[in-house]
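So the chains spell out like this:
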Amino acid sequence: MFESAPTILIIEHDEQIRHDVKFILKGIGYHVVTASRGLDGIDVARKISPDLIIVAMDLPDLMGGELAATLRSEDRFLTTPILVFLSEDSPEEIDMAFAAGITGHMVKPINLEALPFNVEFYMSGGTDSIDDTERLQVARTRFLQDVVKRLEERIRELEDKNETLERIDQMKDSFIQLTAHELRTPLTLITGYSRLLEDHPPMQELRKQDEGITTLIDGLVESITRMQGIIEEILTVSRIMTSNIELTLAPTNMAKIVKNVVIQYIDVIQERNLNLYFNESEWPQSMRADGDLIQLTMSNLISNAIKYTPDGGDIYLHAQTKGKLIRFSVRDTGIGIEHDKQKAIFERFHIGGEVETHTTSKTAFGGGGLGLGLAICKGIIEAHGGTITVESSGYDPEGLPGSEFIIILPVIANSSQAVFTSNKTGVLKRLARN
Ligand code: ADP
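An account of the accompanying structure is given in this report. The structure presented is a predicted model; accordingly, all values stated were derived computationally and were not measured.

## Some thoughts on the packing of helix α1 (residues 15-27) against helix α5 (residues 115-123)
Angle between the axes and distance between the axes: these two values describe a pair of packed helices. The N-to-C vectors of α1 and α5 enclose an angle of 70 degrees; their axes lie 10 Å apart at closest approach. Judged by the inter-axis angle, α1 sits roughly perpendicular to α5. α1 and α5 meet at a crossing whose hand is right-handed. Seen from α1, the contacting residues are Val21, Ile24 and Leu25; seen from α5, they are Leu115, Pro116 and Val119.

## Structural notes on the sheet that holds strand β8 (residues 275-278)
Two pairing modes exist for strands in a sheet, parallel and antiparallel, and in both the strands are linked by backbone hydrogen bonds. Judged by pairing direction, the sheet is mixed, and its five strands sit side by side in the order β8-β10-β11-β13-β12 without closing on themselves. At either margin of the open sheet sits one strand with a lone partner, and together these are β8 and β12 (387-391). Within the sheet, the average angular offset between the axes of one strand and its neighbour, ignoring direction, is 15 degrees. Across eight bridges, the pairing between strand β10 (residues 314-322) and strand β11 (residues 325-332) is antiparallel. Bridge pairing in β11 places Lys322 opposite Leu325. Along the sheet face, helix α11 (residues 373-383) touches β12 and β13 (403-410) and points at about 140 degrees away from the line of β12.

## Let's talk about the packing of aromatic side chains
Scanning the model with the defined rule gives five aromatic pairs in all. Look at Tyr277 and Tyr316: their rings are 4.6 Å apart centre to centre, the planes differ by 10 degrees, and that puts the pair in the stacked class. On the criterion of sequence distance, the pair formed by Tyr277 in strand β8 and Tyr316 in strand β10 is long-range, its members being 39 residues apart. Judged by its relative accessible area of 38%, Tyr277 is partly exposed. An aromatic cluster of at least three residues, connected via ring pairs, comprises Phe278, Trp283 and Phe328.

## A look at a nonpolar patch on the surface
A grouping of Leu189, Tyr193 and Leu196 is seen on the molecular surface, where their side chains present a nonpolar patch of about 360 Å² in accessible area. With respect to the element layout, Tyr193 can be found in helix α6 (residues 133-199).

Each value, and the rule that gives it
- Residues numbered from 1 in each chain as written.
- Predicted model: local features only at pLDDT ≥ 70, side-chain atom pairs only at ≥ 80, totals over all residues.
- Heavy atoms only, no water.
- Axes fitted to C-alpha atoms, helices over the stretch in contact; angles between N-to-C directions.
- Helix = DSSP H or I, 4+ residues; strand = E, 2+ residues; numbered from the N terminus.
- Parallel < 35°, antiparallel > 145°, perpendicular 65-115°, else oblique.
- Left-handed = near helix turned anticlockwise from the far one by under 90°.
- Contact = heavy atoms within 4.5 Å.
- Pairing = 2+ DSSP bridges.
- Phe/Tyr/Trp six-rings, centres within 6.5 Å; stacked < 30°, edge-to-face > 60°.
- Buried < 20%, exposed > 50% of the residue type's maximum accessible area, 1.4 Å probe, protein only.
- Patch = residues over 30% accessible without salt bridge, like charges linked within 9 Å, V, L, I, M, F, W, Y side chains within 5 Å.
- Areas by Shrake-Rupley, 256 points an atom, 1.4 Å probe, with all protein chains shown as cover.
- Salt bridge = Lys/Arg side-chain N within 4 Å of Asp/Glu carboxyl O.

Listed below in structure tokens is the structure:
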């Protein structure tokens, strides 16, 4: 009947039973596949379409009956024999299993000697049966009631867990925001003191006498500035994520903004022999947007293009208006991004490499950050009613496939999620709601 060995899928959470049953059935020539959870079992069944399915009644996630009923509802499993392993030999259990659509049953502990005969019997079209239709009807009603009850319990359980997760997520946000906020004050003081120290007359004298002092002070100031940058980045992202982003919409000169950003990075671009292509005339001279935030977005994208492109590579900046939409793009010839990471990189704290090997350099090749830059960009662009996406054929530090970040904005930045309010000076402000 079967050209190759028939396949049997065993869905059983008890490892010992799974092992023993597999051993016996394999020994008599069946091809055996196993799963320890109900949902995994359903996935495997859909993938391999087995010739017979053995399922335990007491699985940790789904009841065997629920699993059988699910499979039976699909055309391709209408006639597949399903053998259920019951944990108790009660007529009620057996009736319920039949109501769910099983073909036959065995009771645990499984009689391993009888197993091959039973499997052959069900495989060749044999079935157990209940003659009493009234009893079967009662079992069907009870089965349905049971399913609905369990479903309700599961939904409540999931709702509780979801609530807890949301609470923890909020706590995490507040913790990050509070910590960054608290760190900002002493850091501002340290910055002030370090500047005073720099300008302190006796220190100027010391600098002249000892070059090492200059190196020490410069290092101190540079590290503090970088730390301030990180804290500001955390505060910006948490403001954006907690929907506290306020847009100050005004006519914005994109050409000027992008030029400013390019100037900001011009030294490193030259140092690292990168070729940056930017045609100022392509960029709109006046569009309604929050100039500061759009500048932050462009700065993040361009600094990423610099970081993830090796020396000598190319970076292209383009703008194009199509009907009521404006498309900005930042394309590089860098290391590229794996397909399955292309969505996740826009989430907070998502970084490509290992945390331990990360540096916070904004421009060195392979430098990285906190994984906040793109989350900030996404928050800003979405608050403007636009979208930001990435295209890359994959990650390859040798082949350098490159990446292209694409922003699409409505010509008049206009978001259905936004509420417009006027502030005292008459500047139109927009409060983004998520
Ligand atoms: P980070 O500060 O770590 O650069 P981002 O949010 O800006 O954080 O980026 C998240 C991750 O996305 C990076 O760690 C990197 O793996 C990937 N990435 C971003 N831009 C590029 C790019 N132009 N080329 C390759 N990978 C990139």
